[in-house]
Amino acid sequence: MSVRLKIALTIFITGALTALGVIATVLFAFQRFEHETTYQRADAFLGRVVAMYDSLFDAYERHPEEFNGFLRNLVLFEPDTQLYLLDARGTVLSSTGTARLPPGFKVALPPVQEAAGQPAMPYVMGDDPERMDADAVIAARPVRRALIRNDEPLAGYLYLVCHHPVLSEGRLQVFGSTFAKPALAAIVGVVVLATLLAAWIIAAVTRPLRQLTGAVANISQRGLDDGVPGAPEALLPAPTPDEFGQLTAAFGMMLDTCRRQWAALRRLDHFRREGVSNLSHDLRSPLTATTACLETLEGRWAGDAAREADRGLVVMALRNTRNAARLVQSLGDLAQLDEPEFKLQTEVLDAGELLDDIALRFGERAASQGVALQAQHPGDAQASAPFAALDIELFERAVANLVDNALKFCRSGDRVTLAAQRRDGRVEVSVSDTGTGIPAADVPHLFDRFYQSRHSVAPATGEGGKGLGLAIVKRIAELHGGDVAVDSVWGAGTRVTMILPAAPM
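Heads up: these notes are all about the structure in this document. (Residues numbered from 1 in each chain as written. Predicted model: local features only at pLDDT ≥ 70, side-chain atom pairs only at ≥ 80, totals over all residues. Heavy atoms only, no water.)

## Describing the packing of aromatic side chains
The condition that has to hold: Planes of paired rings set the category: under 30 degrees apart is stacked, over 60 is edge-to-face and the rest tilted, where pairs are Phe, Tyr or Trp rings (Trp by its six-membered ring) whose centres lie within 6.5 Å. Only DSSP runs of H or I with at least four residues qualify as helices, and only runs of E with at least two residues qualify as strands; both kinds are numbered from the N terminus onward. Per-residue accessibility, obtained with a 1.4 Å probe over protein chains only, is compared with the maximum for each type, and a residue is labelled buried under 20%, exposed over 50%, and partly exposed between these values.
The tally for this structure, following the rule as stated, stands at five aromatic pairs. On the basis of an interplanar angle of 65 degrees and a centroid distance of 6.4 Å, the ring pair of Phe-57 and Tyr-60 is categorised as edge-to-face. A residue pair is termed a helical-turn pair when its members lie 3 or 4 positions apart in one helix, as Phe-57 and Tyr-60 do in helix H2 (residues 56-62) at three residues. Across the pair, exposure class does not vary: Phe-57 and Tyr-60 are buried alike. Cluster of aromatic residues (ring-pair linked, three or more members): Tyr-53, Phe-57, Tyr-60, Phe-67 and Phe-70.

## A closer look at the packing of helix H8 (residues 351-361) against helix H10 (residues 392-408)
We apply this condition: To get an axis, a line is fitted to the C-alpha atoms, and for a helix only the part in contact is used. The angle between two axes follows their N-to-C directions and goes from 0 to 180 degrees. Between 65 and 115 degrees an angle is taken as roughly perpendicular, under 35 as roughly parallel, over 145 as roughly antiparallel, and anywhere else as oblique. Two helices that cross are described as forming a left-handed crossing if the nearer one is turned anticlockwise from the farther one by less than a right angle, and a right-handed crossing if clockwise. Residue contacts are defined here by distance: any two heavy atoms, one from each residue, within 4.5 Å place the two residues in contact. Under the scheme applied here, ten amino acids are nonpolar (Ala, Val, Leu, Ile, Met, Phe, Trp, Tyr, Cys and Pro), four are charged (Asp, Glu, Lys and Arg), and all others, including Gly, are polar.
At a minimum axis distance of 10 Å, the contact between H8 and H10 shows a crossing angle of 55 degrees. Judged by the inter-axis angle, H8 sits oblique to H10. Note on packing geometry: the crossing formed by H8 with H10 is right-handed. The segment H8 lies against H10, with Ala-351, Leu-354, Leu-355, Ile-358 and Arg-361 engaging Ile-392, Phe-395, Glu-396, Val-399, Ala-400 and Val-403. Grouping the amino acids of the contact of H8 with H10 by side-chain chemistry returns nine nonpolar, no polar and two charged.

## Side note on the pairing of strand S7 (residues 372-376)
Rules: Two strands qualify as a pair provided DSSP detects at least 2 bridges between them.
Here S7 shows a clear split, with Leu-373 and Ala-375 buried on one side and none of Ala-372, Gln-374 and Gln-376 buried on the other. Bridge count for S7 against strand S9 (residues 415-423) is five bridges, and the pairing is parallel. Within S9, the position partnered with Leu-373 by the bridge is Val-416.

## Structural notes on the environment of Ile-438
Within the secondary structure layout, Ile-438 lies in the loop between strand S10 (426-433) and helix H11 (469-479). Measuring from C-alpha to C-alpha, the distance between Ile-438 and Phe-409 comes to 9.6 Å, with 29 residues separating the pair along the chain.

## A word on the pattern of salt bridges
Using the following cut-off: Salt bridges are counted wherever a side-chain nitrogen of Lys or Arg sits within 4 Å of a carboxyl oxygen of Asp or Glu.
In this structure the tally under the stated criterion is 17 salt bridges. One salt bridge in this structure joins Arg-311 and Glu-298, with 2.7 Å as the shortest N-O distance. Of this pair, Arg-311 sits in helix H7 (residues 308-337) while Glu-298 sits in helix H6 (residues 243-300), and the two are 13 residues apart along the sequence. Note that Arg-307 and Asp-310 form a salt bridge whose closest N and O atoms lie 3.1 Å from each other. Residue Arg-307 is classed as partly exposed on the basis of its relative accessible area of 35%. Overall, the relative accessible area of 31% leaves Asp-310 in the partly exposed class. When salt bridges that share partners are traced, they join Lys-474, Arg-475, Glu-478 and Asp-483 into one network.

That's the geometry; what it means functionally is another story.
Below you can see the structure in the form of structure tokens.
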């Protein structure tokens, strides 16, 4: 969910809850106002009645049958009200209502006493004898006898019940014309105004964030290289005095720091690659000359028994010199492959055919070690040929490194298999062996440069790697747009697979 949608939903929900709260408040206030005005009118009416007729209780006792008619005459001009005469315990003695109440019917006395007491209340809700399922606004005044007795200071109460008015059809039409239509128009106006205001707020709030997001995406695509035309800082929105402006300024400072650090890293990396390349180039000539001299001495002393001890030293020096020469060669190759300007010279070829050539190249060495080496081809004639865009020299170098590693760790009687197959739009080139395998703890680090396992001394040759062969394989695979995977079981063998994009058929 986008920030704009979240803000819009927040504003909408807040507005809806506010509108509901306002409506509820208005309805509650209107109902309270209606109750208060009804109560004030009823209380004033009872006050006038009590003031005019100070012997109501005596009149009831003299003529109880005619007293109901007297009460009806009193409320003749007070619609939606019923007047009752209660005794001191709340028993209904006389009523203007049409409902026949059971003898001894009582109303709740506390609301009556509250309405009749002092100080005056805003309004009081009490029992409606005709509609006992709901409260009604009531008013009450104490009624005393004309002759006050010491033992009975209060004879009863004059009790007025105000019914909730029921609107007739005509009054509903009036209500609709005077309230509903204006209210509806006001609500529509408020909704339209709130929508426009929300749209403006959302656009104003999210515009700097959208600009900053676009600038970050643009910089991510263009990178921080100095060669990119135009400073990345120019893509940032103009800073403003609000929080988004502070975020933009902070991002600009971070971007400047990243550019400076990136430039320093590039200079150091260029110096490293250039230094390694120059060192590799400078060491090749003396190592080649040293190797030639040692080979000459080794050849001269080959049949001389007196020089056998010296020949052993020469053989050791020759082996170490050749290892050093291979290490220097690998360092130079890896530095060259790391160059940003390095480009592949690719051709669309059948990877399986190249594996045949590599198997022939290592066939004699494998036979001398007693290792069976073969290039395996899919037995299914319907299988698609593993065509891929390959740099022949680099591809053969990568597979040769894998085969060389496999032969180092194979014993007599083991087997090395080369295979290439097309699967799911990819070409998988694998070199598998039945040699000693690789410990599980070493597998994640195999392609780290200069990483050597503690078990990396090859049992067949007594020579260990320098931690660059597999790093070169991985780099070559990456240059082809692929990757490398390893599957190994300690003591049972290893399978290394180069996964490359397949060429369209």
